[in-house]
Amino acid sequence: MASREAGEELESFAAEVGSGGPVAVVGGRTRWEVGGACQEETRLVRAPAGVRGFDPADMTIRVGAGTPVTELDAVLAEAGQRVNLPLLPGATVGGLLAVGRDDVHALGRGRLRDALLEAVYVADDGRLVTAGGPTVKNVSGFDLCRLLVGSLGTLGLVGEVILRTWPRPLGQQWLVGPCDPVELRRRLFSPSSILWDGHTVWVHLEGHESDVEAEAELARSLGCSPADGPPPLPAHRVPTGELKADGFPGSYLVQVGTGSAYVSEPFPLPEPDPAVVALHQRLKAQFDPGGRLNPGRDPLAAS
Amino acid sequence: MRLRRTTGTDPLVEDLCRVLPAERVRAAPLERSIMGRDSSIFEGGQAGPVCFPISTEEVQGCVDAARRHGRAVVPRGAGTGLAGGAVPLDEPVVVVTTKMNRLVSLDADQRVAWVQPGMINLDLSRAVAAHGLHFAPDPSSQQVCSLGGNVGTNAGGPHCLAHGVTSAHVLAVEVVLMSGESVVLGDADGFAPGLDLRGAYVGSEGMMGITTAVAVRLTPNPPAVQTILLAFDTVDAAAQTVSAVIADGIVPAAIEMMDRNIIWAVENFVGAGFPTDAAAVVIVEVDGLPGGVEAEADRVGELAIERGGRVRRAADDQERALLWKGRKSAFGAIAQIKPNYYLHDTVVPRTRLAEVMNRVYEIVDEHDLQVMNVFHAGDGNLHPLLLYDRREPGIMARVHAAGSAIIEASLAAGGVLSGEHGIGIEKRDFMQLMFSEADLDAQSRLRRAFDPDEMANPGKVLPTGASCADVNALEKVPEGVWG
């Protein structure tokens, strides 16, 4: 017995995905090339869109995966809440989850992957599958939600999700200056972002107004001054460890404390551990033995 | 691979003794009998040889030996699990990681530590305290539970409301798969390309491999903390205040609720100053920078007073510690009332708390039992404690019937089976109430990707029928395992 019934829209989405032929779900195409190009002749489908349920006192929201993230944010803003997804114009909720790339605020707000509580997806055989559960805390069974985030739609096509929401902070401020990023991180209690290009640091503070002001005062004493926002991120994401190891051409921006850096010129990354590659292959074989879901995209090739 | 049970343990034990010194391979009936249980109510598990490795290589050797002899493997930490996840079925090789208990490395600037799986949860926080850091997940058993077990169950605790459960604090896990291979899932720096194998593994209850090391994210100690005790004349008013706090845009570090019976028991036990005339108390802790903490503590007090609550703010660290001592002594305090208890663990949407609690009271009345509630109200994580004396004839049937009804009531309110204890044996056969056949099939596929032969901790989490090897194992479960 399934205790959770899918709505008509999800049933239609599942029927559209069907059980045969290459198929991919398309969102806003903002990160469509991440992890490789979708194979030609792949049928494209769109996930349902719109807010399906929101009770601010639960601090969770049920939303179609095809919903633009800016539309979701506008609904949440009215209740003084937000989700931990990047507000990328044009991007859909499902697309951002499928790519799984953190916002620049991951240092303070946490990882994007933890935003997802429940996902209803269409499996390779056309069946609807529910992963996770609707509550903020849940260890019922294996954590398929974490597996879906960043899977580029290669294990299942997500139609609807429940996300955890957070209060919008009352105050926020960006600062910039020629500071030491390690010192800044050590001295500030909980900055939401520290970015460093090798010379200059950008730091974002958020929280209660008086705390932001006090932390900003501390940052100013370390050489920062108010800024309008972060610099543009270079195009390619790489692990910070690789940045340390080698000289490289172009510019970079380190997202301090998250292991990620952005570089203007891509460089080859080390091959992943063969045991990790084998696990990826076995997962794909279990979830999509026919290779019909989003062919051409490879999560291991995503950066 | 078909998991089979061999008679006599000598060839297997001999093989294991080639991997480990003989004193760390225990096969005597008494030692196997001790490992037949965990902290759940399930009795009658059957352990095979019990191994105490001290390195990843030794764990690999144990797995290889088990595989050669067609035995399943059950990883075990401190054995504090409450869902029977570590109860061995069908004489598997039990691999106990408690001797792997070192802090391997600490990078205080990056706030990352590598730890071995046998390290005790609270020992980690103590070890990094000098750096102003702690490990945020704090299960009630944190003085005795191990970090490997925390990973296995994706453990929670009172302070996971704002900071998230174990998965949010694990950056990477070194795992020995049932092939004998050792693999690192995730990345200690935080950047791991590809699928989130780390996330899929955390909470897998020992069914995907054996944790041999964990890279944990450490949390800076907050500069300011306020702990507030709210007392209410009705459980409804307490539950409504919890919802009101969340709806007001406050995410405290912790919101814990205790009802009348447990208040009395705790007060009698440790004298924490809880008002024994209250129907419910709520402990709210807000932490962070001083401005936000003061504002939120004031607002929590206002919301409580608006709902008829009385407010007491801990004046200093000593009083704060006393309030928490009261909360964390709850389970010990119960022994004054009944010798046994069954601790349940379900989650409901926070807006349905009052309604489900009232239903819990009705259920225990219908089954002529006593209940106490002490739980993580802020995230809707109920912990009804059913009290009983196991010597009373027929009592277990009533305890189980009431427990089933509580689970069903939680699901009916849009909740889930478990918030932090896991599924184990306890709720395995309830999984079909929450998940469809297709949902369970997907979970089974995830497990098989990690453990194609279903050799790791068979018979847990996935209900009978979800996998062939598990069915084979369960046919041989002795009478009495199900309590």
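Every value quoted in this text rests on a predicted model; they were computed, and no experiment measured them.

Looking only at helices and strands, one finds 9 helices and 15 strands in chain A. The C-alpha radius of gyration of chain A comes to 20 Å, within 12% of the 19 Å expected for a compact globule of 303 residues. Overall, chain A is about 60 × 45 × 30 Å in size when its C-alpha atoms are taken along their principal axes. Looking at chain A residue by residue over its 303 residues, the buried ones come to 56%. Separation between the mean location of the 27 positive side-chain charges and that of the 38 negative ones in chain A comes to 3 Å.

What follows covers the overall build of chain B. Assigned secondary structure in chain B consists of 17 helices and 20 strands. Counting only C-alpha atoms and orienting by the principal axes, one finds that chain B spans roughly 70 × 55 × 40 Å. When contacts within chain B are restricted to residue pairs at least 6 apart in sequence, long-range pairs at least 24 apart make up 71% of them. By element, 49% of the accessible surface of chain B is carried by carbon and sulfur atoms, the whole surface being about 15,900 Å².

This part takes up the pattern of salt bridges. Inspection of every chain in the model, using the stated rule, returns 51 salt bridges over all chains. Its salt-bridge partner being A:D125, residue A:R127 comes within 3.0 Å of it at the nearest N-O pair. Residue classification places A:R127 among the partly exposed residues on the basis of a relative accessible area of 30%. In this structure, the salt-bridge partner of B:R310 is B:D233, at a minimum N-O distance of 3.7 Å. Taken together, the positions of B:R310 in strand 15 (residues 310-313) and B:D233 in the loop between strand 12 (224-232) and helix 8 (235-247) put the pair 77 residues apart, joining distant regions of the chain. Linked through salt bridges whose partners overlap, the residues forming this network are A:E9, A:R52, A:R62, A:E118 and A:E160.

A few words now on the domain arrangement of chain A. Residue and element names in this part refer to chain A. If you check the domain split of chain A, you get domain 1 (4-168) and domain 2 (171-263). A C-alpha centroid distance of 29 Å is found between domain 1 and domain 2. Each partner contributes to the interface: domain 1 provides 10 residues, whereas domain 2 provides 16 residues. In this assembly, domain 1 packs against domain 2 so that about 1,000 Å² is buried in total across both faces, 52% of it on carbon and sulfur atoms. When the area that domain 1 buries against domain 2 is broken down by residue, the three leading residues are R101, V104 and L107, summing to 59%. Our count for the contact surface shared by domain 1 and domain 2 stands at 2 salt bridges. A salt bridge links E206 to R109; the nearest nitrogen and oxygen atoms lie 2.9 Å apart. At 4 residues, helix 4 (residues 106-109) tops the list of elements feeding residues into the side of domain 1 that touches domain 2. Here the residues of the side of domain 1 that touches domain 2 sort into 3 nonpolar, 2 polar and 5 charged.

On to the nonpolar core. Counting 89 residues, the largest nonpolar core has A:Y121, A:L163, B:L446 and B:F450 as the members making the most contacts within it. Broken down by element, this core gets its largest block of residues, 6 residues, from helix 16 (residues 437-450) of chain B. Within the second largest apolar cluster, 53 residues are counted, among which are B:M257, B:Y342, B:V360 and B:L369.

Compared with an ideal rise of 1.5 Å per residue, which puts 14 residues at 20 Å, helix 16 of chain B spans 20 Å between its outermost C-alpha atoms and is within 8% of the ideal. Of all the 14 residues making up helix 16 of chain B, 10 are buried; the element is thus mostly covered by neighbouring parts of the structure.

Moving on to the packing of aromatic side chains. Tallied over the full model, the rule gives 3 aromatic pairs over all chains. Summarising the aromatic geometry, the rings of B:F331 and B:Y341 are spaced 5.9 Å apart at their centres and angled 25° between planes, so their arrangement reads as stacked. With B:F331 in helix 12 (residues 330-333) and B:Y341 in strand 16 (residues 340-343), the pair connects residues that are 10 residues apart, well separated along the chain. Overall, the relative accessible area of 19% leaves B:F331 in the buried class. On the accessibility criterion, B:Y341 (30% relative accessible area) is partly exposed. Above the ring of A:W32, the side-chain terminus of A:R29 is found at 5.0 Å from the ring centroid.

Residues and elements named next belong to chain B. Read from one edge of the open sheet, 4 strands run 1-2-4-3, paired in mixed fashion. In this open sheet, the two edge strands, each paired with only one partner strand, are strand 1 (25-26) and strand 3 (73-76). Sheet analysis places strand 3 next to strand 4 (residues 93-96), joined by 4 bridges and oriented parallel. What sits directly across from P75, in strand 4, is V95.

Residue and element names in this part refer to chain B. Pairing is antiparallel across the open sheet formed by 7 strands, whose spatial order is 15-12-14-13-18-20-16. With partners counted over all chains shown, the strands left at the sheet margins are strand 15 and strand 16, one partner each. Ignoring strand direction, the axes of neighbouring strands in this sheet form an average angle of 20°. In the sheet, strand 13 (residues 254-259) pairs with strand 18 (residues 370-375) via 2 bridges, with the strands oriented antiparallel.

Residues and elements named next belong to chain B. Their axes nearest at 9 Å, the elements helix 1 (residues 10-19) and helix 3 (residues 56-68) cross at an angle of 160°. It follows from the interaxial angle that helix 1 and helix 3 lie roughly antiparallel. Here helix 1 runs over helix 3; the crossing is right-handed. For the pair helix 1 and helix 3, the contacting residues are L12, D15, L16 and V19 in the first and E58, G61, C62, A65, A66 and R68 in the second. In terms of residue class, the contact of helix 1 with helix 3 is made up of 6 nonpolar, 1 polar and 3 charged.

Here the focus is the pairing of strand 7 (residues 128-132) of chain A. In terms of burial, strand 7 of chain A is largely enclosed, as 5 of its 5 residues are buried. In textbook terms, the turn of a hairpin is the stretch between consecutive antiparallel strands, and for strand 6 (residues 116-122) of chain A and strand 7 of chain A this stretch comprises 5 residues, one of which, A:G126, has a positive phi near 90°.

Looking now at the interface of chain B and chain A. The figure often quoted for interface size is the accessible area lost as the parts come together. Each partner contributes residues to the interface: chain B has 88 residues there, and chain A has 67 residues. Carbon and sulfur atoms make up 59% of the area that chain B and chain A hide from each other, which totals about 6,200 Å². Counting every contact that joins chain B to chain A gives 4 salt bridges. As a salt-bridge pair, A:R127 and B:D441 come within 3.0 Å of each other at their nearest N and O atoms. Along the contact surface separating chain B from chain A lie 22 residue pairs in polar contact (both at pLDDT 80 or more).

Turning to the packing of helix 13 (residues 353-366) of chain B against helix 14 (residues 395-412) of chain B, a few remarks are in order. All names here are of chain B. Axis separation between helix 13 and helix 14 bottoms out at 10 Å; the angle between their running directions is 160°. Judged by the angle between their axes, helix 13 and helix 14 are roughly antiparallel. In this structure, helix 13 meets helix 14 at a crossing whose hand is right-handed. Of helix 14, the residues touching helix 13 (which contributes V356, R359, V360 and I363) are A402, A405, I406, A409 and S410.

The rules behind these values
- Residues numbered from 1 in each chain as written.
- Chains lettered and ligands numbered in written order.
- Predicted model: local features only at pLDDT ≥ 70, side-chain atom pairs only at ≥ 80, totals over all residues.
- Heavy atoms only, no water.
- Helix = DSSP H or I, 4+ residues; strand = E, 2+ residues; numbered from the N terminus.
- Rg over C-alpha atoms; globule rule 2.2 N^0.38 Å.
- Buried < 20%, exposed > 50% of the residue type's maximum accessible area, 1.4 Å probe, protein only.
- Lys, Arg positive; Asp, Glu negative; His and termini not counted.
- Charge placed at Lys NZ, Arg CZ, Asp CG, Glu CD.
- Contact = heavy atoms within 4.5 Å.
- Areas by Shrake-Rupley, 256 points an atom, 1.4 Å probe, with all protein chains shown as cover.
- Salt bridge = Lys/Arg side-chain N within 4 Å of Asp/Glu carboxyl O.
- Domains from an automatic or database assignment.
- Buried area = accessible area lost by both parts, 1.4 Å probe.
- Nonpolar A, V, L, I, M, F, W, Y, C, P; charged D, E, K, R; others polar.
- Core = buried A, V, L, I, M, F, W, Y, C linked by side-chain atoms within 4.5 Å.
- Expected span 1.5 Å × (residues − 1).
- Phe/Tyr/Trp six-rings, centres within 6.5 Å; stacked < 30°, edge-to-face > 60°.
- Lys NZ or Arg CZ within 6 Å of the ring centre and 35° of its normal.
- Pairing = 2+ DSSP bridges.
- Axes fitted to C-alpha atoms, helices over the stretch in contact; angles between N-to-C directions.
- Parallel < 35°, antiparallel > 145°, perpendicular 65-115°, else oblique.
- Left-handed = near helix turned anticlockwise from the far one by under 90°.
- Polar contact = N/O pair within 3.5 Å; in protein donor to acceptor, adjacent residues only side chain to side chain.

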